[in-house]
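An overview of the molecular structure
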Amino acid sequence: MPGRAAPMVEAVEEAPVAPAVAAVPPRAPAAVRVLAKPPVRKLAKDLGIDLATLIGSGPEGVITRADVEAATPAVAIAPASSGSSMPERYAVLGRPGIAPLQGARETREPIKGVRKAMAQAMVGSAFTAPHVTEWITVDATATVELVERLRARREFRELKVSPLLVLARAALLAMRRTPIINSTWDDAAGEVVIHGGVNLGIAAATPRGLVVPNIKDADALSLVGLAEALGALTDTARQGRTQPAEMAGGTFTITNVGVFGVDAGTPIINPGESAILCFGAIRKQPWVVDDEIVVRHVTTLALSFDHRHIDGEAGSRYLADVAGLLEDPATALLF
């Protein structure tokens, strides 16, 4: 993959739902000319799907990859019984586009494309930059309340407003006090490059694998502009249309594992960058406020950074500033 590779975990939004496909009675192959591109025909053959039984959702009735995948029968895990053998009790479910094998003990898929590039980049990053990861648990109740107020405002009504938008804004503002977070270690030149603008990467799960498109000069955008850019980035990634130029030149990345219900992680730094921020799920939990236990919206943030040039003091200050902005968004006026 040209440009940046994806971090260990990522995702911005839930996976897109494949379009519904209606089945029709089988037709004789000679009776109807099935419209489908060669890769789609091969996929259908691999999955054992008769293209003549599908109605295409593409232009002029062309059968698409999504049509074939949606028509693939699900393979369930059979309940164990005392008389069943091991192959009968288990079924291995492949990834979308990989034929599920009933009773198979394993399934294999080639390592290529985005997945291969991501693997190579992550191994290179993990064994080149000494990673340090710090964690902080945050009362994000004020952020959740702010999101609800923003959604009701006229300028945001056509935009997607989520806690990720507030976190992204907080991450950008906090860099004003700790600019070393937005930097690159240039080993060849023997220099640390501190970038004047922030190309904010958002790790996204796509049909091709994990990618990290970035918003150019995200720090120069208003909150409305940032919401528009996040929405456009997400839509493009969902459709698998992210271009190499959109993944090149990133300077800092956010990975949102919270959309999967995960609390936190220890993400690997995107090559060419110096830090990555992991955003966990926001959950209602007991929290102490004024010596009383109350229910609050709580999340966990994790920051991995390159310890060659970002020391613990800088990393801790940056993470604490981001957390403080989530706990009290009004403090953004101080940055």
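The structure reproduced in this document is the subject of the present report. Keep in mind that this is a model prediction, so the values were computed, not measured.

Across its full length, the protein chain holds nine helices and 13 strands. For the protein chain, contacts bridging at least 24 residues in sequence account for 64% of all contacts bridging at least 6. When the accessible surface of the protein chain is split by element, carbon and sulfur atoms take 57% of a total near 17600 Å².

Let us look at the pairing of strand E11 (residues 275–279). Within E11, five of the five residues are buried, which leaves it mostly tucked inside the rest of the structure. Neither face of E11 is open: one carries Ala275, Leu277 and Phe279, the other Ile276 and Cys278, and all of them are buried. Where strand E10 (residues 252–256) meets E11, four bridges bridge the pair, whose relative direction is parallel. Bridging across to E11, Thr255 finds its partner in Cys278.

This next bit is on the packing of helix H6 (residues 163–174) against helix H9 (residues 312–327). Remark: H6 packs on H9, axes separated minimally by 9 Å, with the N-to-C direction vectors making an angle of 135°. On the basis of their axis angle, the class for H6 and H9 is oblique. As H6 packs across H9, the resulting crossing turns out to be right-handed. Where H6 abuts H9, its residues Val166, Leu167, Ala170, Ala171, Leu173 and Ala174 lie against Tyr318, Asp321, Val322, Leu325 and Leu326. Each residue belonging to the contact of H6 with H9 can be placed in one class, and the counts come to 10 nonpolar, no polar and one charged.

Quick look at the nonpolar core now. With 44 residues, the main nonpolar core has Phe252, Ile254, Leu277 and Leu301 as its most contacted residues. When contributions to this core are tallied by element, the ones reaching two or more residues are helix H5 (141–151), H6, strand E6 (200–202), helix H7 (223–238), E10, E11, strand E13 (292–306) and H9. For this core, the leading source of residues is H6, giving 10 residues. Leu301 has contacts with Glu134, Trp135, Ile136, Val138, Leu167, Leu277, Cys278, Phe279, Leu319, Val322, Ala323 and Leu326, leaving out every residue within four places of it along the chain. Among the nonpolar cores identified, the runner-up in size contains 12 residues, and Ala36, Ile49, Leu54 and Val68 belong to it.

Another aspect to go through is the pattern of salt bridges. All chains considered together, the criterion is met by eight salt bridges. Here Arg296 and Asp139 are joined by a salt bridge, their closest N and O atoms 2.9 Å apart. Of this pair, Arg296 sits in strand E13 while Asp139 sits in strand E3 (residues 131–139); the two residues are 157 residues apart in sequence, bridging distant segments of the chain. Since its relative accessible area comes to 26%, Arg296 is described here as partly exposed. The salt bridge involving Arg308 is made with Asp306; its shortest N-O contact spans 2.7 Å. Overall, Arg308 belongs to the partly exposed group, its relative accessible area being 30%.

One can find Asn214 in strand E9 (residues 214–215). Only 2.8 Å separates the side chain of Asn214 from the side chain of Lys216, close enough to count as a polar contact. There is a polar contact of 3.1 Å between the side chain of Asn214 and the backbone oxygen of Ala248. Among residues more than four places away in sequence, those in contact with Asn214 are Asn199, Leu200, Gly201, Leu233, Glu246, Met247, Ala248, Gly249 and Gly250.

Criteria and cut-off values
- Residues numbered from 1 in each chain as written.
- Predicted model: local features only at pLDDT ≥ 70, side-chain atom pairs only at ≥ 80, totals over all residues.
- Heavy atoms only, no water.
- Helix = DSSP H or I, 4+ residues; strand = E, 2+ residues; numbered from the N terminus.
- Contact = heavy atoms within 4.5 Å.
- Areas by Shrake-Rupley, 256 points an atom, 1.4 Å probe, with all protein chains shown as cover.
- Buried < 20%, exposed > 50% of the residue type's maximum accessible area, 1.4 Å probe, protein only.
- Pairing = 2+ DSSP bridges.
- Axes fitted to C-alpha atoms, helices over the stretch in contact; angles between N-to-C directions.
- Parallel < 35°, antiparallel > 145°, perpendicular 65-115°, else oblique.
- Left-handed = near helix turned anticlockwise from the far one by under 90°.
- Nonpolar A, V, L, I, M, F, W, Y, C, P; charged D, E, K, R; others polar.
- Core = buried A, V, L, I, M, F, W, Y, C linked by side-chain atoms within 4.5 Å.
- Salt bridge = Lys/Arg side-chain N within 4 Å of Asp/Glu carboxyl O.
- Polar contact = N/O pair within 3.5 Å; in protein donor to acceptor, adjacent residues only side chain to side chain.

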